[in-house]
Amino acid sequence: YRAKERGNRYQIYANELNAIVSEQWTMERNLRGALERGEFLLHYQPKVDLQTGNIVGAEALVRWEHPVLGMLSPAKFIPLAEETGLIIPLGDWVLREACRQLKVWHERGHHALKIAVNLSTRQFQQKDIVKDILHALAETGVEPAFLELELTESMVMQAPEEARETLERLKEIGVQLSIDDFGTGYSSLSYLRSFPVDKLKIAREFIHDIPDRDGEKIVNAVIQLAHSLQLQVIAEGVERQEQVEMLKRAGCDEVQGYLFCRPIPPHELEAKFQTFNSSFLV
Ligand code: C2E
Ligand code: MG
Ligand code: MG
Ligand code: MG
């Protein structure tokens, strides 16, 4: 009886495992096919200069226009793309597409606009990353200073010495480097400063806590310290007017969030270059 029960359990386990493996396999094939069929696209969310109220840049955020499921957010497919390695060709596509779009905008007269692209861990750790970025810039004719790369603390901290080398090579090319979701990892700002990064992006978790007393104190302290270390600061996830006012008082350089604009298709963003009104910045 026992042996049989164990046997059945094994059978159930094997079936489940099969289902998981084949689901994973199907998703992986879907992702690969989606890339070949051109089902990925980029939305852009503006970055606003807190002094002038102008749009100074935009972050490229990938979406998957799934033929059946509709528009999928990156949380639904980036982890699997990371796991399967498909993030490498996908990340490379994002980079090229963002640079291509930026070149178009530069040619249409928006000369100072910058585009930020998110890098994934695996993409960053891949040995050809610097070459891939150079290729994307060369192919599209974008000047390196207008491309910003967003990395996370954990990407840098996982293998600090390798990361340092890669970051130094990227700085030699002339691209801008920023630390995304700052404050959610476990790096110290002073150690982080020993890497050649230009900008900190304060994680939305902290912005969310404004005007809560401690939220405001933490954000103030981060901005002061970052500035004293010659780092620029941008706040992400800004949703309320009172947050903007506090950030402005604290001397934050740029802001990004639903209060200003959601991530939108490129033609919609282009329309905003002319009409964007940030009078609510005070
Ligand atoms: P992230 O780089 O931190 O991007 C910011 C995310 O916050 C975006 O979500 C954006 O839509 C959302 N967001 C913007 N403003 C607000 C706000 O005011 N409130 C709130 N609650 N959220 C706001 P999204 O587009 O779903 O992207 C999620 C994450 O997926 C990104 O976080 C990034 O880590 C990753 N991701 C997106 N595109 C790419 C890509 O091309 N490559 C890689 N490797 N990762 C990407
Ligand atoms: Mg980002
Ligand atoms: Mg972020
Ligand atoms: Mg993130």
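Since the structure is predicted, the reported quantities are computational estimates derived from the model, not experimental observations.

Glancing now at the coordination of the magnesium ion (ligand 2). The protein atoms donating to the magnesium ion (ligand 2) are E59 (OE), N118 (OD1), E150 (OE) and D180 (OD), with metal-donor distances spanning 2.0 to 2.2 Å. Of note, the donors binding the magnesium ion (ligand 2) are all from one chain and are spaced E-x58-N-x31-E-x29-D.

Applying the stated criterion across every chain yields a total of six aromatic pairs. Here the aromatic rings of Y44 and W105 are separated by 5.2 Å at their centres, their planes lie at 75°, and the arrangement is edge-to-face. You can see Y44 sitting in strand β1 (residues 40-49) and its partner W105 sitting in helix α3 (residues 87-107), a full 61 residues away along the chain. Side by side, Y44 and W105 carry an identical accessibility label, which is buried. Their ring planes at 90° and their centres at 5.9 Å tell us that W64 and F77 sit as a pair that is edge-to-face. In this pair, W64 sits in strand β2 (residues 55-66) while F77 sits in the loop between β3 (70-72) and α2 (78-84), placing the two residues 13 residues apart along the sequence. Under the relative-accessibility criterion, W64 is labelled buried at 1%. A relative accessible area of 0% means that F77 is categorised as buried. Through a chain of ring-to-ring contacts, the aromatic side chains of F40, W64 and F77 assemble into a single cluster.

Moving on, we get to the packing of α3 against helix α5 (residues 129-140). Here α3 crosses α5 at 30°, and the two axes come no closer than 9 Å. What the angle tells us is that α3 and α5 run roughly parallel. As α3 runs across α5, the sense of the crossing is right-handed. Contact residues: D92, L95, R96, C99, R100 and K103 in α3; D132, I133, H135, A136, L137, E139 and T140 in α5. Grouping the amino acids of the contact of α3 with α5 by side-chain chemistry returns five nonpolar, two polar and six charged.

The environment of ligand 1 is made up of 22 residues, and the closest members are N118, D180, R204, E239 and Y258. In this structure, an oxygen atom belonging to ligand 1 sits 2.9 Å away from a side-chain N or O atom of R63. A total of 800 Å² of accessible area belongs to ligand 1 in isolation, and the protein chains cover 81% of it. Taken together, the elements giving at least two residues each to the shell around ligand 1 come down to β2 and β6 (176-182). The biggest single contributor to the shell around ligand 1 is β2, with four residues.

The rules we used
- Per chain, the residues get numbers from 1 upward, laid out in the order the sequence is written.
- Going through the entries in the order they are written, you letter the chains from A and number the ligands from 1.
- For this predicted model, a pLDDT threshold of at least 70 governs which residues receive local features, and a threshold of 80 or more governs which side-chain atom pairs are given and counted, while totals over whole chains, interfaces and linings are taken from all residues.
- To obtain the side-chain values, all non-hydrogen atoms of the structure were included, while hydrogens and water were left out.
- Coordinating donors are taken as N, O and S atoms within 2.8 Å of the metal, stretched to 3.2 Å for Na, K and Ca; because water is absent from the atoms, sites can appear incomplete.
- Pairing of aromatic side chains here covers Phe, Tyr and the six-membered ring of Trp, requires ring centres within 6.5 Å, and sorts the geometry by plane angle: under 30 degrees stacked, over 60 edge-to-face, intermediate tilted.
- Where helices and strands are cited, they refer to DSSP runs of H or I of at least four residues and of E of at least two residues respectively, numbered from the N terminus.
- Here the term buried applies to any residue with accessible area under 20% of the maximum for its type, exposed to any over 50%, and partly exposed to those in between, with areas from a 1.4 Å probe on protein chains only.
- Angles here are taken between N-to-C directions and fall from 0 to 180 degrees, while the axes themselves are lines fitted to C-alpha atoms, restricted in helices to the stretch in contact.
- Roughly parallel covers angles under 35 degrees, roughly antiparallel covers those over 145, roughly perpendicular covers 65 to 115, and oblique covers all other angles.
- In this scheme the crossing of two helices becomes right-handed for a clockwise turn of the near helix relative to the far one and left-handed for an anticlockwise turn of less than a right angle.
- Note on definitions: a residue-residue contact is assigned when non-hydrogen atoms from the two residues lie within 4.5 Å.
- Under the scheme applied here, ten amino acids are nonpolar (Ala, Val, Leu, Ile, Met, Phe, Trp, Tyr, Cys and Pro), four are charged (Asp, Glu, Lys and Arg), and all others, including Gly, are polar.
- To be near a molecule or strand, a residue needs just one of its heavy atoms within 4 Å of it.
- The term polar contact refers here to a pair of N or O atoms within 3.5 Å; inside protein, the definition further demands a hydrogen-donor-capable atom paired with an acceptor-capable atom, and it admits residues adjacent in sequence only when both atoms are side-chain atoms.
- Shrake-Rupley sampling with a 1.4 Å probe provides the accessible areas, and residues are treated as covered by the protein chains on show and by no other component.

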